[in-house]
Amino acid sequence: MASGAEQPARPTGDAAVRGGGARPGDGAAEPAVPTDAQLLATLKTTFGHVGFRPQQQDIVRAILAGQDVFVLMPTGGGKSLCYQLPALLRPGLTVVVSPLIAHMKDQVDRLEALGLPATYVNSSLDAVEISSRQAAVALGRVKLLYVAPERLVLPRFLDLLASARPAFFAIDEAHCISEWGHDFRPEYRELSRLRELFPATRIGAFTATATRRVRADIETQLALEQALTFQGSFNRPNLHYEVRGKKRAYQQLVAYLRTRRGASGIIYCHTRAGTEELAAKLRADGLSAVAYHAGLEGDERRQRQDAFARDETRIVVATIAFGLGIDKPDIRFVVHYDLPASLERYYQESGRAGRDGQPSDCILFYSYGDVAVHKHFIAQKPSPTEQRVAAWQLRRMVDWATGTGCRRRALLAYFDERLDRQPERCCDVCHTSAAAAGAASAEQPAPRPAGADEQASHAPPAPPATAREVIDCTIPAQMLLSCVWRTGQRFGIVYVVDVLCGSRSQRVLQWAHDKLPTYGIGRERTREEWRVLADAMLDAGYLRRKPDEFNAVEITERGRAVLARREDVLLRVAGWGTRQPTSRTARPADVNANPADDALFEALRALRKRLADERGVPAYVVLHDAALREMASARPTQAAELRRIPGVGERKADDLGPAFLAAIAEHLRQRSE
Ligand code: ADP
């Protein structure tokens, strides 16, 4: 529904709303482009973000300056903000063309939660509701209108737009316009009429995936005029890539899922029957899973998708039908139980993990059997050209899955991008190589020479290398993290290990770290073992080196999850003896030294769920996990402190602040009793 709420920080009055659609030079006065300080202020007060992500500010400026834009940014990069912020700041209507109905509702829910006048019109609404929303558009009460392409070009809708004179068309998922893309939608082709119908309206194309050919196609189809192109990196630093052999896949999968209790994830399978079967098995094993595929009735699909969005179902086992428009930001893992047909598809599907930038996993199970299944289907394709293209795409997928070099590097190379800097949590290959470096390095296969992809043999590729046994290091990892925390995250690993092992060095005594509860709790291991574990934990992203402090390490978000006992630590660690099996009952008393107050975090989560249910929206529309964690850590007691939490803008502080502040106060009161 269009919100009647006041718009914060809108520089123009409602009278200006109908004046959109003009370009600089057309004689109409364009509003002055806001200064950087004004943009930042609106970003914080309305959206709750403390700064722009790479490219966002330039894109916002280009749109405000009346340019066509072409924005290629990875999933989770923050494309929506690039047109939402200008929509708020400039006069006139912004029309967002979006392919999926569920996606529109979600976006509008979020914008309304921020206090922005947005609405959508689609077939899920009855005629009365549609007329009332269209009337709101005609009256200039709406700043952002979401609509599907097939409706946009209906004659009556075009009449409405002609009177509203939209200032900007944002074409979301723009790759759907191209037959060369992996999600071609014929109805998107109709959008090629927009330029002719609305010559004065600027157009922006937004997509997360586009090879060179698809890009060219989008520009031509939409008749973009001197569009400013913004191409963000395809790199998703918060995603960890891993390929596993498909032997005992189900057992591997369940063991993994048990380490991700309470997290949301998608498991992709090839067939509808495969999704039903796997979801049923997971449920029988006590996991919260449902199947999703195109064979389900529309209502059933919607209901399952909603349950996932609202965290009532944790795992969706799906065919490729579950995809476009799933923009739940806190998906923590995407597992491919079967091999995808192309690397582009894999990038897109795995990319649904971690839109909120938090550490997330992408796991692919590989077997030659799956390759054979794909080959069988390729052979059935009618045209030799189609067969050739599909075979080439499959080959690249297989090369990637069986490659022995860095998976991130190889994935980016597919999109013609070079990886400059590897993140700490990169992929299984980098992780394994780093952990095994110095020990039995001869067992590691040499990285492939450049160009080896093209020369790959056509023999059935071997399953990916799994150099070492995975070890459950949860308890020692908790000890180590706890010691890093207790010593104030100001020291290097060598020193932390000294404390763990009970050193009587002058430095330890001088800092009085022999008085800490973690002092000496790691004595039964050698220093070398602890260092090896610490290195593996740095590689896996549980710890990171502080940028400006020589050697000092700090605990990452992922490490905090371990301390809070939400995540188990399974590592391939060369040089970590298994002589002392870790046991759940043997947790040292101090491992609970949790930086963010875990009980408070859970209380805030419960409150968020209640508020979300009351409002009929998914929990993440109320607030993201990251904001709740920050709250649990900072424990604000006043509205002004709450506003400083990233993710809390003015509207949310006013709307939700009292409830969250009360919950925090209650928690602090109970603790002090
Ligand atoms: P995309 O459409 O590119 O996949 P979204 O627009 O859905 O990405 O944004 C992904 C997430 O990033 C959302 O949760 C959004 O709130 C968040 N986000 C966007 N811009 C910023 C920013 N400048 N600072 C912090 N978070 C942001």
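To start, this report covers the structure provided alongside it.

Reading guide: rules and limits
Residues numbered from 1 in each chain as written. Predicted model: local features only at pLDDT ≥ 70, side-chain atom pairs only at ≥ 80, totals over all residues. Heavy atoms only, no water. Pairing = 2+ DSSP bridges. Helix = DSSP H or I, 4+ residues; strand = E, 2+ residues; numbered from the N terminus. Axes fitted to C-alpha atoms, helices over the stretch in contact; angles between N-to-C directions. Phe/Tyr/Trp six-rings, centres within 6.5 Å; stacked < 30°, edge-to-face > 60°. Buried < 20%, exposed > 50% of the residue type's maximum accessible area, 1.4 Å probe, protein only. Contact = heavy atoms within 4.5 Å. Near = heavy atom within 4 Å. Polar contact = N/O pair within 3.5 Å; in protein donor to acceptor, adjacent residues only side chain to side chain. Areas by Shrake-Rupley, 256 points an atom, 1.4 Å probe, with all protein chains shown as cover. Nonpolar A, V, L, I, M, F, W, Y, C, P; charged D, E, K, R; others polar. Core = buried A, V, L, I, M, F, W, Y, C linked by side-chain atoms within 4.5 Å. Domains from an automatic or database assignment. Parallel < 35°, antiparallel > 145°, perpendicular 65-115°, else oblique.

### What to know about the sheet that holds strand E13 (residues 360-366)
Alright, step 1. Pairing is parallel across the open sheet formed by six strands, whose spatial order is E8-E13-E12-E9-E11-E10. Only two strands of the sheet have a single partner each, and these edge strands are strand E8 (239-245) and strand E10 (289-292). Here the strands of the sheet are splayed against their neighbours by 20° on average, with no regard to which way each runs.
Alright, step 2. The sheet contact formed by E8 and E13 spans seven bridges and is parallel. By the bridge assignment, His240 is partnered in E13 with Asp361.

### Things to note about the packing of aromatic side chains
To describe a pair of aromatic rings, you give the distance between the ring centres and the angle between the ring planes.
Alright, step 1. All told, the structure shown has 12 aromatic pairs when counted by the stated rule.
Alright, step 2. Summarising the aromatic geometry, the rings of Tyr337 and Phe365 are spaced 5.7 Å apart at their centres and angled 70° between planes, so their arrangement reads as edge-to-face. Here the residue Tyr337 occupies a position in the loop between strand E12 (331-336) and helix H13 (343-350), and Phe365 occupies one in strand E13, the gap between them amounting to 28 residues. Take Tyr337 and Phe365: they sit in the same class, and that class is buried.

### Brief notes about the sheet that holds strand E3 (residues 118-121)
Alright, step 1. The strand order across the open sheet formed by seven strands is E3-E4-E2-E5-E6-E1-E7, and the pairing between neighbours is parallel. Every other strand in the sheet has two partners, leaving E3 and strand E7 (228-231) as the edge strands with one partner each. Neighbour-to-neighbour, the strand axes of this sheet turn through a mean angle of 15°, independent of strand direction.
Alright, step 2. As defined by bridge partners, strand E5 (residues 168-171) adjoins strand E6 (residues 202-207) across four bridges and the pair is classed as parallel. Note on E6: the bridge partner recorded for Ile171 is Ala205.
Alright, step 3. Where helix H2 (residues 56-64) meets the sheet, it contacts strand E1 (69-72), E5, E6 and E7, and its direction lies at approximately 165° from that of E7.

### Points about the site of the ligand
Alright, step 1. Around the ligand lies a shell of 14 residues, among which Gly51, Gly76, Ser80, Arg355 and His624 are the nearest.
Alright, step 2. Taking His624, its side chain carries an N or O atom lying 3.5 Å from an oxygen atom of the ligand.
Alright, step 3. Expressed as a share of its isolated accessible area of 560 Å², the protein-covered part of the ligand is 84%.
Alright, step 4. In the shell around the ligand, the residues fall into two nonpolar, nine polar and three charged.

### Considerations on the environment of Leu339
Alright, step 1. Checked against the element boundaries, Leu339 lands in the loop between E12 and H13.
Alright, step 2. Overall, the relative accessible area of 0% leaves Leu339 in the buried class.
Alright, step 3. For Leu339 and Phe365, which are 26 residues apart along the polypeptide, the C-alpha to C-alpha distance reads 6.9 Å.
Alright, step 4. Not counting chain neighbours up to four residues away, the residues in contact with Leu339 comprise His270, Leu364, Phe365, Tyr366, Asp370, Val371, His374, Leu394, Met397 and Val398.

### As for unusual backbone geometry
In terms of backbone geometry, most residues other than glycine have negative phi values and most peptide bonds are trans.
Alright, step 1. Located in the positive-phi region is Ala223, a residue other than glycine, with phi close to 50°.
Alright, step 2. In this structure, Ala223 sits in the loop between helix H9 (212-222) and E7.
Alright, step 3. The phi dihedral of Gln489 falls on the positive side, at around 55°, and the residue is not glycine.
Alright, step 4. Tracing the sequence through the fold places Gln489 in the loop between helix H19 (474-486) and helix H20 (493-500).
Alright, step 5. Taking relative accessible area as the criterion, Gln489 reaches 14% and is therefore assigned buried.

### A look at the nonpolar core
Alright, step 1. Counting 109 residues, the largest nonpolar core has Leu152, Ile171 and Trp400 as its most contacted members.
Alright, step 2. Residue contributions to this core reach at least three from each of two domains, namely domain 1 (4-231) and domain 2 (239-454).
Alright, step 3. If we ignore the near neighbours within four places in the chain, the residues touching Leu152 are Val95, Val97, Val147, Phe157, Leu158, Leu161, Phe169, Leu191 and Leu194.
Alright, step 4. Ranked by size, the runner-up nonpolar core spans 37 residues in total, among them Met479, Phe491, Trp530 and Val553.

### Topic: the side chain of Asn235
Alright, step 1. Here Asn235 is to be found in the loop between E7 and E8.
Alright, step 2. Within the structure, the side chain of Asn235 is placed 2.8 Å from the side chain of Arg408, a separation counted as a polar contact.
Alright, step 3. The residues contacting Asn235, other than those within four sequence positions of it, are Pro74, Arg408, Leu412, Glu417, Leu419 and Arg421.

### Things to note about the packing of H19 against helix H22 (residues 527-539)
Alright, step 1. The geometry of H19 relative to H22 is characterised by a closest axis approach of 11 Å and an angle of 85° between their N-to-C directions. Judged by the inter-axis angle, H19 sits roughly perpendicular to H22. Within the contact between the two elements, H19 uses Pro476, Ala477, Met479, Leu480 and Leu481 and H22 uses Trp530, Leu533, Ala534 and Met537.
Alright, step 2. For the contact of H19 with H22, the residue count by class is nine nonpolar, no polar and no charged.

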